[in-house]
Amino acid sequence: MKAAVRRSYGAPDVVRIEEVPAPTPGATQVLVRVHASAVTAADARIRAADFPRGYALIARLLFGLRRPRQPILGGVASGVVEAVGARVEGFEVGDVVSGTTGLGLGCHAELAVLSAKKLVHKPAEVSHEQAAGVLFGGPTALHFLRDVAHVQPGQTVLVNGASGAVGTNAVQLAKHLGAEVTAVTSAANAVLLKQLGADRVVDYALTPAADLTERFDVVLDNVGNLGRDDGRRLLARDGVLVLVVADLGETLRAHGNVKAGPAPERAESFGTLLDLVADGTLTVVNQHVLDLADIVQAHEVVDSGRKVGNIIVRP
Ligand SMILES: NC(=O)c1ccc[n+]([C@@H]2O[C@H](COP(=O)([O-])OP(=O)(O)OC[C@H]3O[C@@H](n4cnc5c(N)ncnc54)[C@H](OP(=O)(O)O)[C@@H]3O)[C@@H](O)[C@H]2O)c1
C-alpha cells in the first residue's frame, strides 16, 4: 500500500510517499481503507519531536528514542472496513466507519488498523472529509468544555486560539452548550469565527488575551501563551481555566479550578460529534483537502501556525 512515511524526526520534507506492506489487524482491531485523514498539530509535533517543555524524554520513549518507531503519522481515519479481527463485534467488512488510532498513529496510508473501541459507524450525511476533520479537535473541545469545565447555559466562555482545529469546535460546542462566547483570533479569521457563532471576536494583535479586562466563567487556552497566572486572572468567581496546551510543570501543578492533560478518545464522543455534524449543529472547517501525495505541503501548513480548522489528506 501507499503511505506517507518518515524514518527520522525533522522538517516536513522528512515525510515521503512510499510503498509499504499493509498492516494486519489484531483480534480486537479493524483494518480500514482510509478515504480521509487529518494532518494535525499532534502529527506535526511528533514529526518534528517538538513537544511542550518537560515532555521531550517521555515522548521520545513513547515514539522512538533516536528515530520514529511508527514511521506513518496520522491519528484519525474515516473510510471503509476491509477486514475485522476475530474478536471484533459490531463491525463488518464494507461498513463505513470513522475513528482514531491516537498515539498509535498510522492513518496517513491507504490502509490503517484501528481498535474497534475507537471506531464508530459514520452517519451517511457526514462526508469522510468532515469526519476526519472533526475527530481531532472535536473530542478535545467536547471533553474539556462539557466533561471538565461543565459549561452551563448563560455562562461566559473565552476561547483563546479560536481558529484552529480545537478552537473552531470549541466555539461552536460552547454555543451549543448555551454559553456566550468570546473568540481570540487574528483579524483574518474574525468573519469565520462570527459565522461559527462567536458573540464577540478579539483580534490578538490589538488585544492579547492576557490583556482582556473582562472575566469569564471558563477560559480555554489552545495557544499556550496564557499560562496559569494570566489565565486565572481572567476568571470570574468559581471560574475554570483549561490549559489545552501546557508544559509538564503546568500539567503537574494543574489542580482545583486549573485543568490540563491529554483529552481521552472515546467512541461515545465521536458518535456525539458526528451526529452534531449530521444535523448541521457543528460545521467542520477544513482549510484544505489534499491528496496524500501533497503530504509535505500539508505539514508545512500546520507548521506555519496559521492553520484554519483542519487539513485533510486523501490516500
Ligand atoms: N490536551 C490535549 O489533549 C490536546 C488535544 C489536541 C490538541 N492539543 C494541543 O492544542 C494546541 C492547539 O491545537 P490545534 O489543533 O487547535 O492547533 P492548530 O489547528 O494548529 O491551531 C492553529 C491556530 O492557532 C491560532 N493562533 C496562533 N497564535 C495565536 C495567538 N497568539 N492567539 C490566538 N490564536 C493563535 C492560529 O490562528 P490565527 O491564524 O488566527 O493566528 C491558527 O488558526 C496544539 O498545541 C496541540 O498540540 C492538545
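What you see is a predicted model; the values in this text were computed from it and never measured.

The rules behind the values
Residues numbered from 1 in each chain as written. Predicted model: local features only at pLDDT ≥ 70, side-chain atom pairs only at ≥ 80, totals over all residues. Near = placed C-beta within 6 Å. Helix = DSSP H or I, 4+ residues; strand = E, 2+ residues; numbered from the N terminus. Nonpolar A, V, L, I, M, F, W, Y, C, P; charged D, E, K, R; others polar. Domains from an automatic or database assignment. Pairing = 2+ DSSP bridges. Axes fitted to C-alpha atoms, helices over the stretch in contact; angles between N-to-C directions. Contact = placed C-beta atoms within 7 Å. Core = buried A, V, L, I, M, F, W, Y, C linked by C-beta atoms within 7 Å. Buried ≥ 20, exposed ≤ 12 C-beta atoms within 10 Å, placed from the backbone. Parallel < 35°, antiparallel > 145°, perpendicular 65-115°, else oblique. Left-handed = near helix turned anticlockwise from the far one by under 90°.

1. Notes on the site of the ligand
The immediate surroundings of the ligand are formed by 30 residues, with Gly164, Ala165, Val166, Ser186 and Ala263 found nearest. Of all elements in the fold, only α1 (41-48), α3 (128-148), α4 (165-176) and β9 (180-185) reach the threshold of two or more residues within the shell around the ligand. Looking at the shell around the ligand, its residues break down into 13 nonpolar, 14 polar and 3 charged. Residue-level mapping places the shell around the ligand at the junction of two domains, with at least three residues from each of domain 1 (2-122 + 285-314) and domain 2 (135-260).

2. What to know about the sheet that holds strand β8 (residues 156-160)
Within a sheet, adjacent strands bond to each other through the backbone by hydrogen bonds, running parallel or antiparallel. Read from one edge to the other, the open sheet built from 6 strands follows the order β10-β9-β8-β11-β12-β13, with strand pairing classed as parallel. Every interior strand has two partners, whereas the edge strands, β10 (200-203) and β13 (258-260), have only one. Each neighbouring strand pair of the sheet contributes to a mean axis angle of 15°, computed without reference to strand direction. Relative to β10, β9 is paired through 4 bridges, and the arrangement is parallel. Residue pairing across strands places valine 184 opposite valine 202, the latter belonging to β10. Against the sheet, α4 makes contact with β8, β9 and β11 (216-221), and its axis sits at roughly 175° relative to β8, the strand it touches most.

3. Concerning the domain arrangement of the protein
Assigned domains within the protein: domain 1 (2-122 + 285-314) and domain 2 (135-260). Taken together, the contact between domain 1 and domain 2 spans 16 residues of the former and 13 residues of the latter. Each residue belonging to the side of domain 1 that touches domain 2 can be placed in one class, and the counts come to 7 nonpolar, 7 polar and 2 charged.

4. Topic: the nonpolar core
Core analysis: the biggest nonpolar cluster contains 95 residues, and Leu145, Val157, Val159, Val171, Ala174, Leu220 and Val242 have the highest contact counts within it. It is α3 that provides the largest number of residues to this core, a total of 9 residues.

5. With respect to the packing of α3 against α4
For the pair α3 and α4, the least separation of the axes is 8 Å and the interaxial angle reads 50°. As far as their axial angle goes, α4 and α3 are oblique. Note on packing geometry: the crossing formed by α3 with α4 is right-handed. Seen from α3, the contacting residues are Val134, Phe136, Gly137, Gly138, Thr140, Ala141, Leu142 and Leu145; seen from α4, they are Ala165, Val166, Thr168, Asn169, Ala170, Leu173 and Ala174. Broken down by class, the residue content of the contact of α3 with α4 amounts to 10 nonpolar, 5 polar and no charged.

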